[in-house]
Amino acid sequence: MMSLLSNCTSGGCGAKIGPGELSKVLSGMPAFCDPKLLVGFDASDDAAVYQIDQNTAIVSTVDFFSPMVDDARSFGRIAAANALSDVYSMGGTPLFALNLVCYPERMELDALGEILLGGAEKIQEAGAVLCGGHSIYDKEPKYGLSVTGRLDSKRIWRNNTPAPGDQLILTKPLGIGIVMAALRGEMADEQAVQAAISSMQRLNKYAAEKMHSFPISACTDITGFGLLAHAREMAGEATSLVLYSSELPYIPQAYTYAGDYLITAAAQRNRNHMQGFVELGDTPFALQELMFDPQTSGGLFLSAPKSCAQELLSAIQEVEPQARIVGEVLLPQNSPILVR
């Protein structure tokens, strides 16, 4: 029986086109103007938002990738959780989803059935409805979802609107990409692999539900571009972000693997893209790699007023115990991102 990983050259969000290359391609796209389009692709936000009436908007996103684990059911759960995350990171509630499937003709269909069952489990957990989808034959298996949700058009969480004085919270540990690279190289510790898989399968629904009771200035989810590139998007032109290196949550073994130079091509693309946008100071190399590391179904990265940040963190830690306050928002400094 052929394994999922044996059919793939890369997997998860580490397979994404790098942020630098992608920005060059998108720069040639025409501008679309519609007063009801509240969020488009101009700010690299997580999903599109379109106004339906005075109080309601729909949020729409699509995400799919090749496997990063061999277990088909786990892959389905991870891919679905990752796709659903973009709706949560905008402040929305998923309504329905469509499957996106690419599958090799030579592979047994039993594995595809398990992938789809895993995805359906997460859609059910999200309280959404699976409505169908589209499938094609391909050389590599790929799976994901197109997801549509709803949100209050007056309470959209943008990815680039933090306020000076805010504190920054990260809800899940870093190191997913490094651990998965170690798994591919047959060097990964089983405990690290299970921690990574558990994190990737966990919906951001529960952290987002806690956040709805607080004033959120900005939010995004950490995926293939890594923490630092997503932080750069959040800083925008109006602020700089300080990240506290000592407070970053991460899978402990991932730090060890990074220190042994077990790193990924996607992380190197992220590092190259961030040249000139981040001051790393004397941050250890392994910790730098964790911040560049591509995350699959990563946590939410959010900005909230300092006056309520600790209370918000305590609420989030009820469902994400490893969540931490990892930084603060300043007026523009010499660099958009400062690591201290």
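That block above? That's the structure.
Residues numbered from 1 in each chain as written. Predicted model: local features only at pLDDT ≥ 70, side-chain atom pairs only at ≥ 80, totals over all residues. Heavy atoms only, no water.

**Student:** Describe the pairing of strand β7 (residues 167-170), and please don't skip the residues or the numbers.
**Tutor:** Side chains of β7 alternate between two faces, with Gln167 and Ile169 and Leu168 and Leu170 buried alike. Looking at chain direction, β7 and strand β12 (residues 324-330) are connected through four bridges and run antiparallel. Paired with leucine 170 across the two strands is arginine 324, which belongs to β12. (Buried < 20%, exposed > 50% of the residue type's maximum accessible area, 1.4 Å probe, protein only. Helix = DSSP H or I, 4+ residues; strand = E, 2+ residues; numbered from the N terminus. Pairing = 2+ DSSP bridges.)

**Student:** Talk me through helix α8 (residues 252-259); I want residue IDs and the actual numbers.
**Tutor:** For the α-helix, the turn length of 3.6 residues means that residues three or four positions removed from each other point alike. Three or more residues of α8 are buried, namely Gln253, Ala254, Tyr257 and Ala258. Looking down the long axis of α8, one finds its buried residues gathered within 140 degrees of arc, a one-sided arrangement. In this structure, the buried residues of α8 make contact with α4 (176-184), α5 (190-201) and α10 (285-292). Positive phi shows up at tyrosine 261, right after α8, with a value of about 65 degrees. (Arc of directions from axis to C-beta. Contact = heavy atoms within 4.5 Å.)

**Student:** Outline a nonpolar patch on the surface, supporting the account with residue identities and numerical values.
**Tutor:** Together, Leu37, Tyr50, Ile52 and Ile58 line one region of the surface with nonpolar side chains, adding up to about 300 Å² of accessible area. For isoleucine 52, the position within the fold is in the loop between β2 (48-51) and β3 (56-65). Classification of isoleucine 52 as partly exposed rests on a relative accessible area of 47%. (Patch = residues over 30% accessible without salt bridge, like charges linked within 9 Å, V, L, I, M, F, W, Y side chains within 5 Å. Areas by Shrake-Rupley, 256 points an atom, 1.4 Å probe, with all protein chains shown as cover. Salt bridge = Lys/Arg side-chain N within 4 Å of Asp/Glu carboxyl O.)

**Student:** How would you sum up the side chain of threonine 264? Please name residues and give values.
**Tutor:** You can see threonine 264 is positioned in the loop between α8 and α9 (265-273). Ignoring sequence-local partners within four residues, the contact set of threonine 264 consists of Gly177, Ala181, Asp293 and Pro294.

**Student:** How would you sum up the pattern of salt bridges? Please name residues and give values.
**Tutor:** Counted under the stated rule, the structure contains nine salt bridges. With a closest N to O distance of 3.0 Å, arginine 73 and glutamate 114 form a salt bridge. Note that arginine 73 is positioned in helix α2 (residues 72-89) and glutamate 114 in helix α3 (residues 109-125), a separation of 41 residues in sequence. Given the relative accessible area of 21%, arginine 73 is considered partly exposed. Between arginine 77 and glutamate 121 there is a salt bridge; the shortest N-O distance is 2.6 Å. With a gap of 44 residues between them, arginine 77 in helix α2 and glutamate 121 in helix α3 connect regions that are remote in the sequence. For arginine 77, a relative accessible area of 23% translates into the label partly exposed. Counted as one network, the salt bridges with shared partners bring together Arg73, Arg77, Glu114 and Glu121.

**Student:** How would you sum up the sheet that holds strand β5 (residues 129-137)? Please name residues and give values.
**Tutor:** Pairing in this open sheet of six strands is mixed, and the strands run β1-β2-β3-β6-β4-β5 from one edge to the other. Edge strands, defined here as strands with exactly one partner in the open sheet, are β1 (37-39) and β5. On average, each strand axis in the sheet is tilted by 20 degrees relative to the strand beside it, whichever way the strands run. Note that β3 and strand β6 (residues 142-152) share 10 bridges and pair antiparallel. In the strand pairing of β6, alanine 57 is matched with leucine 151. The sheet contacts of α2 involve β3, β4 (93-103) and β6, and relative to β6 the element is tilted by about 30 degrees. The strands touched by α3 within the sheet are β4, β5 and β6, with β4 carrying the most contacts at an inclination of about 170 degrees. (Axes fitted to C-alpha atoms, helices over the stretch in contact; angles between N-to-C directions.)

**Student:** Tell me about the pairing of β2, and name the residues and values.
**Tutor:** Here β1 pairs with β2 via two bridges, running antiparallel. Note that in β2 the partner of valine 39 across the bridge is valine 49. Pairing between β2 and β3: four bridges, direction antiparallel. Bridge pairing in β3 links alanine 48 to serine 60. The turn joining β2 and β3, which pair antiparallel and follow one another in sequence, is formed by four residues.

**Student:** So, the packing of aromatic side chains: which residues are in play, and what are the values?
**Tutor:** Within the structure shown, the criterion is met by four aromatic pairs. Between tyrosine 250 and tyrosine 255, the aromatic rings sit 5.5 Å apart at their centres with planes inclined by 20 degrees, giving stacked as the arrangement. Residue class for tyrosine 250 comes out partly exposed when judged on its relative accessible area of 27%. Take tyrosine 255: its relative accessible area is 28%, and that puts it in the partly exposed class. Taken together, Phe65, Phe75 and Tyr143 form an aromatic cluster joined through their ring pairs. (Phe/Tyr/Trp six-rings, centres within 6.5 Å; stacked < 30°, edge-to-face > 60°.)

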